[in-house]
Amino acid sequence: MNRWITIIFIVIFSLIGFSYYKRIFVNSAEMKKINSNNISENSENIAEDNQTVDENNKNFEQSKNKCEYKKYTISDGDIPADMFSEQAKFDANDVVALLSASEEIYDFTKLRIDREIRFCFEDGEKASYFEYDRNIDDMIVVAREGDNFTVEQKPIEYEVEEVFVEGKIENFLYVDAIEKGMSEATIVTMADVFSFDIDFTTEIQKGDEFKVIYEKRRRFGEDGPDGNILAAKFVNQGETYYAYYFKDGEERGYYDSEGKMLQRQFLRAPLSYKYISSGYTGARFHPITKKVSAHYQIDYAAATGTPVVSTAKGKVTQASYTGGWGNMVKIEHANGYSTHYAHLSKYGKGVKVGATVTQGQIIGYVGNTGWSTGPHLDYGMRLNGKPMNPLSLKLPKGDGISEGNLGGFEEVKRGFEEKLK
Ligand SMILES: [Zn+2]
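Residues numbered from 1 in each chain as written. Predicted model: local features only at pLDDT ≥ 70, side-chain atom pairs only at ≥ 80, totals over all residues.

*Asks:* Explain the overall build of the chain to me, please; I cannot follow it from the model alone.
*Replies:* The helix and strand tally for the chain stands at 8 helices and 22 strands. Residues counted as buried form 31% of the 421 residues belonging to the chain. Of the contacts made within the chain by residues no fewer than 6 positions apart, 64% connect residues no fewer than 24 positions apart. (Helix = DSSP H or I, 4+ residues; strand = E, 2+ residues; numbered from the N terminus. Buried ≥ 20, exposed ≤ 12 C-beta atoms within 10 Å, placed from the backbone. Contact = placed C-beta atoms within 7 Å.)

*Asks:* Honestly, the sheet that holds strand β18 (residues 346-347) in this entry has me stumped. Any pointers?
*Replies:* The 3 strands lie next to each other as β14-β20-β18, forming an open sheet whose pairing is antiparallel. Edge positions in the sheet fall to β14 (307-309) and β18, since each of these pairs with one other strand and no more. Relative to strand β20 (residues 362-365), β14 runs antiparallel, the two sharing 3 bridges. The residue bridging P307 from the neighbouring strand is Y365, located in β20. (Pairing = 2+ DSSP bridges.)

*Asks:* What is the right way to look at the confidence of the model for the chain in this model?
*Replies:* Detail in the predicted coordinates should be disregarded across regions flagged by low pLDDT. In this model, the chain carries a mean pLDDT of 84, and residues with pLDDT of at least 70 account for 82%. For the stretch residues 11-64, pLDDT sits under 50, and the model shows 63 contacts to residues farther than four places along the chain or on other chains. (pLDDT = per-residue confidence, 0-100.)

*Asks:* I tried to follow the sheet that holds strand β2 (residues 116-121) on my own but got confused; where do I start?
*Replies:* Paired through backbone hydrogen bonds, the strands of a sheet run either parallel or antiparallel to each other. Spatially, β1-β2-β3-β4-β5 is the arrangement adopted by the 5 strands of the open sheet, whose pairing is antiparallel. Strand pairing shows two members of the sheet lacking a second neighbour, β1 (68-73) and β5 (148-155), which therefore form its edges. On average, each strand axis in the sheet is tilted by 20 degrees relative to the strand beside it, whichever way the strands run. Alignment of β1 against β2, held across 6 bridges, turns out to be antiparallel. Looking across to β2, one finds that K70 is bridged to F119. Across the sheet, helix α4 (residues 92-102) touches β4 (138-145) and β5, and the angle it forms with β5 is around 45 degrees. (Axes fitted to C-alpha atoms, helices over the stretch in contact; angles between N-to-C directions.)

*Asks:* How should unusual backbone geometry be read in this particular structure?
*Replies:* Note: most residues except glycine have negative phi, and most peptide bonds are trans. The backbone of Q237 sits at a positive phi, close to 50 degrees, despite the residue not being glycine. By the C-beta count within 10 Å, which is 10 here, Q237 ends up exposed. Unlike most non-glycine residues, H343 shows phi in positive territory, near 70 degrees. Mapping H343 onto the fold places it in strand β17 (residues 337-344).

*Asks:* How should I be thinking about the nonpolar core in this particular structure?
*Replies:* In this structure, A231, A243, Y244, V308, V329, Y341 and L344 are the most contacted members of the largest nonpolar core, which totals 61 residues. Taken domain by domain, the makeup of this core includes at least three residues from each of domain 2 (158-260 + 401-421) and domain 3 (266-392). If we skip the residues at most four places from it in the chain, Y244 touches A231, Y254, Y255, V412, K413 and F416. (Core = buried A, V, L, I, M, F, W, Y, C linked by C-beta atoms within 7 Å. Domains from an automatic or database assignment.)

*Asks:* Sorry, what's going on with the environment of T339 here?
*Replies:* As for its position among the elements, T339 is in strand β17. On the neighbour-count criterion, T339 (21 C-beta atoms within 10 Å) is buried. In this structure the C-alpha to C-alpha distance between T339 and G380, which are 41 residues apart in sequence, comes to 5.5 Å. For T339, the contacting residues outside a window of four places in its chain are T311, I331, H333, Y379, G380 and M381.

*Asks:* Teacher, can you tell me more about the environment of A231 here?
*Replies:* Relative to the elements of secondary structure, A231 occurs in strand β9 (residues 229-236). The sequence separation of A231 and K419 amounts to 188 residues, and the corresponding C-alpha distance is 9.6 Å. Ignoring sequence-local partners within four residues, the contact set of A231 consists of I213, A243, Y244, Y245, F416 and L420.

*Asks:* When you look at the environment of E157 in this model, what are you seeing that I'm missing?
*Replies:* Along the polypeptide, E157 turns up in the loop between β5 and β6 (159-168). When the C-alpha positions of E157 and R217 are compared, they lie 9.3 Å apart, and in sequence the two are 60 residues distant.

*Asks:* I would appreciate a short explanation of α4 in the present structure.
*Replies:* Working note: α-helix, 3.6 residues per turn, so residues spaced by three or four point in the same direction. For α4, the tally of buried residues reaches 9 of 11 residues, placing the bulk of the element in the interior. Buried within α4 we find D94, V95, V96, A97, L98, L99, S100, A101 and S102.

Okay, structure coming up:
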């Protein structure tokens, strides 16, 4: 009989515990009222077993000296409160205090799958410190002092190495660059850097060449995500383009050899390499072609569903079905320009009349609506209402580097020039 009472007791207690954890994450409004300082140490720790600390984890960046680290990777289905309880030995009150102390900086109820969290155990059973990678550049650092949690955001410190890669297009840029050891992210960034001059979806040819110097980053003895491209050169159809990364005061970006920002009012093309290259292999490559037709409209033959981007920032003046054009988006831009994108299969998120769009924002997807004999994008541009050929558009480059920083820029440029030759 006694045994049954014990079992019932255990069941009731587990249910209470479970609903308490659940409440922490459901009712965040209630949470805000709780002051982390006022929580008394009234809850008991659940059975804890001794943690064996992986020998490999000793090298972790440490803000405290005597610290044994334990690494945990967030996995699908992890409940934050349970994870903190299991890994950090935090009790329910600790979790509430942590969430309250961190709410201005990071919402720990929204831990991302596959992200790493590193706990430091100094004294006692509970973690006294932990780090969570918020993104590839920043981490959230939490220190526990008794019942108090201090939460900060800090830049992740990588070991950075400058690497140089050069290549020639033999198959496709993506395949050739991967073979040279570049990461997909850096290939896409390179295409982005030159996207004001080169349409990477249709204008790359066999024999084109690239040279790129970028930051390869390592952490804990393993490859991390690449850092910035520092300088690059791209030879497209005999034309040579340069890019140098530079911080001109608050402004940071890519400048050409003359110190003019590469960014212009319009992207070269309404299809972005970013959405086309992603993960394809040579065999799966679906080539995109373009042809200029009457009234300078450009037909991009591309697979249905390929994202279409606005070539410049502007205001949507139309996002509806129009006879032969099918689903069509029209955008009005600064300096008297407007663009249209027709035969779309669907519209981009939030794209409706009156909406503001940024340069490179997805405004729709390639389709076959209206009078169209196959999936393609019809792209057109007008200046003061008159059709014009976007491919012959010669817009001035962006601002030059401020006088005071020009010397600094020249120095940066000189440092890379020799390699890029
Ligand atoms: Zn067309």
